[in-house]
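So the chains spell out like this:
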Amino acid sequence: MNITFRQIRYFIAVAEARSVSAGSTAVGISQSAVTDAIRTLEVETGVKLFYRHPKGVTLTREGHKFLRHARSIVNAVADLADGVRHDQVTATGTVKIGVTPVVTGYFLSDILSRFRRMFPQITVQLVEDKRDYIEHLLVNGELDLGILIVSNLVQKAAIDFEVLLRSDCRAWMAPWHPLSEVDALSLADLENEPVVTLSLDEMDGLVESIWSKFDHPPHVTYRTSSMEGVRSLVGTGAGVTILPQLVYRPWSLDGDRIIAKRPREDLPTVDIGIAWRRLTRHSEQAMLFMETVHEQRR
């Protein structure tokens with residue numbers, strides 16, 4: 001298999017931008033060169049990586065798998081320089097990190113993998129729980145750091161944080177839904193549609209809070225605490241939902257397609273950040289973890 005690092009970079013840019021033209025702009029290369037790179041990758045892998053449509057591109061199931069591996073390769077190359085720089089680092093000890101379930105499932109793995117490679121002698125203790133309990137542990141000094149959705153923090157007077165990822169909210173629906181072809185989708189178009197809501201601590205009430213700002217009350221017909229349950233219900237046409245792009249996947253476990261459309265209204269974002277108790281003097285282990293997080297974002 002003859003795949004180059006440059007082709008992988010171009011693929012990631014297109015996947016993240018959901019557009020060949022936007023991806024080529026992001027990497028500063030002509031659109032034809034990026035198109036050729038994607039075509040070569042599909043030939044070399046023997047699978048279709050993107051669905052092409054008038055508004056851009058969407059990853060296929062195989063494309064999503066390839067994207068995970070591609071990001072791992074890019075991270076590994078980035079670690080080469082870091083590995084040389086940190087060869088003499090012999091930091092030991094423990095860092096205690098509080099996380100919430102959405103963070104664990106959709107954000108944390110790459111950061112932990114990078115940190116383990118760079119500082120194998122530091123033990124990471126993870127405490128996963130609901131957002132309010134993680135806040136409680138941070139304020140009490142029982143955690144070094146927390147990674148959680150910071151856009152709905154309650155104890156902001158006692159907690160400092162830095163936003164790592166800002167995810168916009170979109171409307172999910174089956175690709176054959178009548179509204180899937182609407183160019184300028186509005187919340188008003190959805191107000192009479194059956195709505196599926198996710199009753200998960202971090203996301204609970206998100207749909208209702210969004211609609212309350214625009215005076216279009218949702219017609220909620222299904223509530224579930226399962227993210228896969230939401231995907232299955234939406235994919236089979238049982239309803240629509242609004243969730244952050246962070247947790248979007250184009251397939252349910254049963255293989256039903258799901259599309260995500262950006263409403264024309266400015267919806268609130270869901271922000272994931274790293275948090276700590278205000279006025280905390282960080283340990284060496286916590287500082288190294290924070291540095292790793294910052295490098296991961298570059």
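Above this text you will find the structure in question.
Residues numbered from 1 in each chain as written. Predicted model: local features only at pLDDT ≥ 70, side-chain atom pairs only at ≥ 80, totals over all residues. Heavy atoms only, no water.

Asks: Before we move on, could you go through the sheet that holds strand β10 (residues 241-244) and cite the residues and values that matter?
Replies: With antiparallel pairing, the 3 strands of this open sheet are ordered in space as β10-β7-β11. Each edge of the sheet is formed by a strand with only one pairing partner; in this case those strands are β10 and β11 (259-261). Sheet twist, expressed as the average angle between the axes of neighbouring strands with direction ignored, equals 45°. (Pairing = 2+ DSSP bridges. Helix = DSSP H or I, 4+ residues; strand = E, 2+ residues; numbered from the N terminus. Axes fitted to C-alpha atoms, helices over the stretch in contact; angles between N-to-C directions.)

Asks: Which residues make up a positive patch on the surface, and what are the values?
Replies: A contiguous patch of positive charge, built from Arg61, Lys65, Arg68 and Arg249, is present on the exposed surface. Relative to the elements of secondary structure, Arg249 occurs in the loop between β10 and β11. (Patch = residues over 30% accessible without salt bridge, like charges linked within 9 Å, V, L, I, M, F, W, Y side chains within 5 Å. Areas by Shrake-Rupley, 256 points an atom, 1.4 Å probe, with all protein chains shown as cover. Salt bridge = Lys/Arg side-chain N within 4 Å of Asp/Glu carboxyl O. Lys, Arg positive; Asp, Glu negative; His and termini not counted. Charge placed at Lys NZ, Arg CZ, Asp CG, Glu CD.)

Asks: Just give me the short version of the packing of aromatic side chains, but keep the residues and values in it.
Replies: What the rule picks out here adds up to 5 aromatic pairs. Where Phe11 meets Phe66, the ring centres are 4.9 Å apart and the plane angle is 85°; that geometry is what we call edge-to-face. A residue pair is termed long-range when its members are at least 10 positions apart, and Phe11 in helix α1 (residues 5-17) and Phe66 in helix α4 (residues 61-85) qualify at 55 residues. Taking relative accessible area as the criterion, Phe66 reaches 16% and is therefore assigned buried. Centre to centre, the rings of Trp172 and Tyr248 are 5.6 Å apart; their planes meet at 70°, and the pair counts as edge-to-face. Placement of the pair is Trp172 in strand β7 (residues 169-173) and Tyr248 in the loop between β10 and β11, with a sequence separation of 76 residues. By relative accessible area, which is 0% here, Trp172 ends up buried. A relative accessible area of 8% means that Tyr248 is categorised as buried. Just above the ring of Trp251 sits the side chain of Arg61; from NZ or CZ to the centre is 5.1 Å. (Phe/Tyr/Trp six-rings, centres within 6.5 Å; stacked < 30°, edge-to-face > 60°. Buried < 20%, exposed > 50% of the residue type's maximum accessible area, 1.4 Å probe, protein only. Lys NZ or Arg CZ within 6 Å of the ring centre and 35° of its normal.)

Asks: Give a detailed account of the layout of surface pockets, specifying residues and quantitative values.
Replies: Within this model, the second largest pocket holds a volume of roughly 210 Å³. Forming the boundary of the second largest pocket are 14 residues, of which Ser151, Asn152, Leu206, Ser209 and Val270 lie nearest the centre. In terms of residue class, the lining of the second largest pocket is built from 5 nonpolar, 5 polar and 4 charged. (1 Å grid on protein atoms, 1.4 Å probe; cavity = no way out; pocket = protein on both sides within 12 Å on 5 of 7 lines; lining within 4 Å. Points joined across faces, edges and corners; volume = space filled by probe spheres on them. Nonpolar A, V, L, I, M, F, W, Y, C, P; charged D, E, K, R; others polar.)

Asks: Residues and numbers for helix α2 (residues 20-27), please.
Replies: Every buried residue belonging to α2 is among Val20, Gly23 and Ser24, and all of these are buried. The buried residues of α2 occupy one face: seen down the axis, they fall within an arc of 100°. With respect to the buried face of α2, the exposed residues turned more than 90 degrees away are Thr25 and Ala26. Just downstream of α2, Gly28 is the residue with a positive phi angle, here 70°. (Arc of directions from axis to C-beta.)

Asks: Account for helix α3 (residues 31-45), with residues named and values stated.
Replies: Helix length check: α3, at 15 residues, gives a terminal C-alpha distance of 21 Å against a target of 21 Å (1.5 Å per residue), a fit within 8%. Within α3, burial applies to Val34, Ala37, Ile38, Leu41 and Glu42. Looking down the long axis of α3, one finds its buried residues gathered within 135° of arc, a one-sided arrangement. Taken from the residues just after α3, Gly46 is the one with a positive phi, measuring 75°. (Expected span 1.5 Å × (residues − 1).)

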